Amino acid sequence: MPSRATLRHRAYRYILKNWVEKHFLTRFVSKAKLELFKESQRQWKDVSTVSSRKQRAWFHAASVGELESLWPVIETWGKEYGDVIITIFSESALKPLERLQAHLKEHHIHVSFAGFAPWEGDWSGALKKAKPHIFVTAMYEAWPDLWLSLGQLDIPLVIIGAKDRKSIRVAKRVCSGLGGTLPKMALLTADSADEDLLKLMFHDAIVDNSGDPRWDRVKERTLKSHPRLNQLLKKLTGHVLPKPWGVLGSIELADLEIWGSLLLKAEGSVWVVPHRVDRAHLEPLIKWFKGMQIPFVRSSDIIPHKKSHLVLVDEIGFLAELYSHMDWAYIGGGFGENLHSTLEPAIFGIPIAGGYKGATRAPETRILKASGQLVILNNSKELEQWLIGVQDISPRKKEEWSEHVGREMGATDRVFSHIQKILS
């Protein structure tokens, strides 16, 4: 007869599954996205129950940032063991997932399944079918049904970039309330400040500050040139786009409103790269430029030898590579919902600034603030002061920043070492 904990877990799974399907999905998920999820669930039927290689790992990323963190670890696992399952929750991660699949295929790494993850309440059946030897996720992902199912099936759980977040605390409380057994866990932090808190919460878990594999991922990407960027740079040589160059990366309308006429005061030239370039997001930015009477050229329309001060990049795919040609970078999102990633420009030792919203969420912001490379801004006056100051930063200071960031490299190897240990 099943234990009380097992019966409680079944009841929780049944109630949650029915609530999700009847209330959450129909109210908050678009029909298009819901169809993508349903198609992904149908594809689960084709997943082999037997790994084609020595061992199979299931990697799960909620969104783009988490997938970037897992990318180098997935590649390392694939080269060693050859068989992976990769799942996501966010629709925004679909294109990056496709790129990852293509990359793994080039390296002859077998992907048993890549698509949307099961809903909370459906984890047990998917895990029993897939039979992974380990489950690896990143940052904020914590689901009670997932944890209890992993515990029941004796599948170890590794969380990369683990942090004392609400989702982790809630998942632990629910699991305790249901009386279930937690899986064998390795909580690998990106910030040493998180270690003590997680050790108090999870006495039996492996807790270690292993760093963030995203640094390795970014470094790998920036070592490669991008064909489209190379074309633009050839057109903009000489005096067409005067130096120094600055970039507004992953920009939103709220960021432009903070900049205002400062865009005209910036020395040299400015590249503006929107966070999204679909029509709905690009048109308000263009309207703002015209309303402010700030002249610009679009990267897709650049005419060779036409002198300009500002380039609006209305294409995607080469922002990380673009940072390597910049003298400074302002990262968008901090005057909207949340500051976007500061890792890419940090690699090149250039000064970085961004708004205050969500600036404490990512562990790299603490690292970059501590070295002085990143400045968090509260208003346009502080932005103007920072913009004046970047002209006086010495090459030696930029070298120090690059060296400081360089110490963050190697997280992928440290993470993979823990994965191997927890499997042994």
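Given the structure is predicted, the values throughout are model-derived calculations rather than measurements. (Residues numbered from 1 in each chain as written. Predicted model: local features only at pLDDT ≥ 70, side-chain atom pairs only at ≥ 80, totals over all residues. Heavy atoms only, no water.)

Draft legend 1. Representation of the packing of aromatic side chains within the structure. Enumeration according to the criterion identifies 16 aromatic pairs in this entry. When the centroid spacing of 6.4 Å and the interplanar angle of 75° are considered together, the rings of F89 and W123 count as edge-to-face. Residue F89 is found in the loop between strand 2 (83-88) and helix 4 (94-106), and its partner W123 is found in helix 5 (residues 123-130); the two are separated by 34 residues along the sequence. Its relative accessible area of 14% is what places F89 among the buried residues. With centroids separated by 5.4 Å and ring planes inclined at 75°, the aromatic side chains of W288 and F289 adopt a geometry described as edge-to-face. Accessibility assignment for this pair places W288 and F289 in one class, buried. (Phe/Tyr/Trp six-rings, centres within 6.5 Å; stacked < 30°, edge-to-face > 60°. Helix = DSSP H or I, 4+ residues; strand = E, 2+ residues; numbered from the N terminus. Buried < 20%, exposed > 50% of the residue type's maximum accessible area, 1.4 Å probe, protein only.)

Draft legend 2. Fine view of the packing of helix 3 (residues 64-80) against helix 19 (residues 411-423). Their axes nearest at 10 Å, the elements helix 3 and helix 19 cross at an angle of 55°. In this view, helix 3 runs oblique relative to helix 19, as classed from their interaxial angle. As helix 3 packs across helix 19, the resulting crossing turns out to be right-handed. Here helix 3 contributes P72, V73, T76, W77 and E80 to the contact with helix 19, which in turn contributes T412, V415, F416, I419, Q420 and L423. Along the lines of polarity and charge, the residues of the contact of helix 3 with helix 19 split into seven nonpolar, three polar and one charged. (Axes fitted to C-alpha atoms, helices over the stretch in contact; angles between N-to-C directions. Parallel < 35°, antiparallel > 145°, perpendicular 65-115°, else oblique. Left-handed = near helix turned anticlockwise from the far one by under 90°. Contact = heavy atoms within 4.5 Å. Nonpolar A, V, L, I, M, F, W, Y, C, P; charged D, E, K, R; others polar.)

Draft legend 3. Structural view of the nonpolar core. With 33 residues, the main nonpolar core has W215, V247, W271, V311, L322, M326 and L368 as its most contacted residues. The set of elements that each furnish at least two residues to this core consists of helix 9 (214-222), helix 10 (227-235), strand 8 (245-251), strand 9 (269-274), helix 14 (319-322), strand 12 (328-331) and helix 15 (343-346). Top contributing element to this core by residue count: helix 10, with three residues. (Core = buried A, V, L, I, M, F, W, Y, C linked by side-chain atoms within 4.5 Å.)

Draft legend 4. Representation of the sheet that holds strand 6 (residues 185-189). If you walk across this open sheet you meet the seven strands as 3-2-1-4-5-6-7, and the pairing is parallel. With one partner strand each, in any of the chains shown, strand 3 (110-116) and strand 7 (206-209) form the two edges of the open sheet. Direction aside, neighbouring strands of the sheet carry axes that sit 15° apart on average. Where strand 5 (residues 157-160) lies against strand 6, four bridges are found, and the strand directions are parallel. Residue pairing across strands places I159 opposite L187, the latter belonging to strand 6. Most of the contacts of helix 3 go to strand 1 (residues 56-61), to which it runs at about 170°, and overall it touches strand 1, strand 2, strand 4 (134-138) and strand 5. (Pairing = 2+ DSSP bridges.)

Draft legend 5. Inspection of the sheet that holds strand 10 (residues 297-298) at higher detail. Pairing in this open sheet of seven strands is parallel, and the strands run 10-11-9-8-12-13-14 from one edge to the other. At either margin of the open sheet sits one strand with a lone partner, and together these are strand 10 and strand 14 (374-377). Here helix 17 (residues 380-389) sits on the sheet in contact with strand 12, strand 13 (352-355) and strand 14, set at roughly 155° to strand 14.

Draft legend 6. Quick peek at the environment of E39. Counting through the fold element by element, E39 comes out in helix 2 (residues 31-43). Under the relative-accessibility criterion, E39 is labelled partly exposed at 33%.

Draft legend 7. Fine view of the environment of D212. With respect to the element layout, D212 can be found in the loop between strand 7 and helix 9. In the structure, D212 is positioned 55 residues away from L157 in sequence and 17 Å away in space, judged by C-alpha atoms. Discounting residues that sit within four places of it in the chain, D212 has contacts with S69, M139, A190, P363, E364 and A411. A distance of 3.3 Å separates a polar atom in the side chain of D212 from a polar atom in the side chain of S69. (Polar contact = N/O pair within 3.5 Å; in protein donor to acceptor, adjacent residues only side chain to side chain.)

Draft legend 8. A look at the packing of helix 6 (residues 144-153) against helix 7 (residues 166-178). The N-to-C vectors of helix 6 and helix 7 enclose an angle of 55°; their axes lie 9 Å apart at closest approach. When the axis of helix 6 is compared with that of helix 7, the two are oblique. Crossing of helix 6 over helix 7 shows right-handed handedness. Note on element contacts: helix 7 touches helix 6 through I168, A171, K172, V174, C175 and L178, opposite P144, W147 and L148. Classifying every residue of the contact of helix 6 with helix 7 by side-chain character gives eight nonpolar, no polar and one charged.

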